[in-house]
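# Descriptive analysis of the structure
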Amino acid sequence: MELEAQGYTVAIKGIPVTSSGFYNDEFQQIEKKMEPLDIALSQSGELEQEFCLEFTDYHEIILKRKTT
């Protein structure tokens, strides 16, 4: 939600997502994945940052550079 408020577009595994979409269960295919998730942040149509988010345990995550 905060990223959207700052004007960012968020894509997870190439799928554009929104916070309201998650609240409305529109992204169940992403929410059920426990594998590393590639995340891309764009602003004004320009790619700003890419990284990988991996859930390792309850409330534990690893953030790392996206690997191609």
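Residues numbered from 1 in each chain as written. Predicted model: local features only at pLDDT ≥ 70, side-chain atom pairs only at ≥ 80, totals over all residues. Heavy atoms only, no water.

Turning to a nonpolar patch on the surface, a few remarks are in order. Nonpolar side chains collect at one region of the surface, where Met34, Phe55, Ile61 and Leu63 lie side by side and expose about 420 Å² of accessible area between them. Among the secondary structure elements, Phe55 is positioned in strand β4 (residues 46–57). (Patch = residues over 30% accessible without salt bridge, like charges linked within 9 Å, V, L, I, M, F, W, Y side chains within 5 Å. Areas by Shrake-Rupley, 256 points an atom, 1.4 Å probe, with all protein chains shown as cover. Salt bridge = Lys/Arg side-chain N within 4 Å of Asp/Glu carboxyl O. Helix = DSSP H or I, 4+ residues; strand = E, 2+ residues; numbered from the N terminus.)

Both strand β1 (residues 8–12) and strand β3 (residues 37–43) contribute to a ladder of 5 bridges, which runs antiparallel. By the bridge assignment for β3, Ala11 is matched with Ala40. Pairing geometry for β1 and strand β2 (residues 15–17), over 3 bridges, is antiparallel. In the strand pairing of β2, Ile12 is matched with Ile15. (Pairing = 2+ DSSP bridges.)

With that settled, consider the pattern of salt bridges. Following the criterion strictly, the structure yields 2 salt bridges and no others. Note that Glu35 and Lys13 form a salt bridge whose closest N and O atoms lie 3.3 Å from each other. Here the residue Glu35 occupies a position in the loop between α3 (28–31) and β3, and Lys13 occupies one in the loop between β1 and β2, the gap between them amounting to 22 residues. Look at Lys13 and you get partly exposed, because its relative accessible area is 38%. For Glu54, the salt bridge identified is with Lys64, shortest N-O distance 3.2 Å. Highlighted residues: Glu54 in strand β4 and Lys64 in strand β5 (residues 60–65), separated in sequence by 10 residues. Given the relative accessible area of 37%, Lys64 is considered partly exposed. (Buried < 20%, exposed > 50% of the residue type's maximum accessible area, 1.4 Å probe, protein only.)

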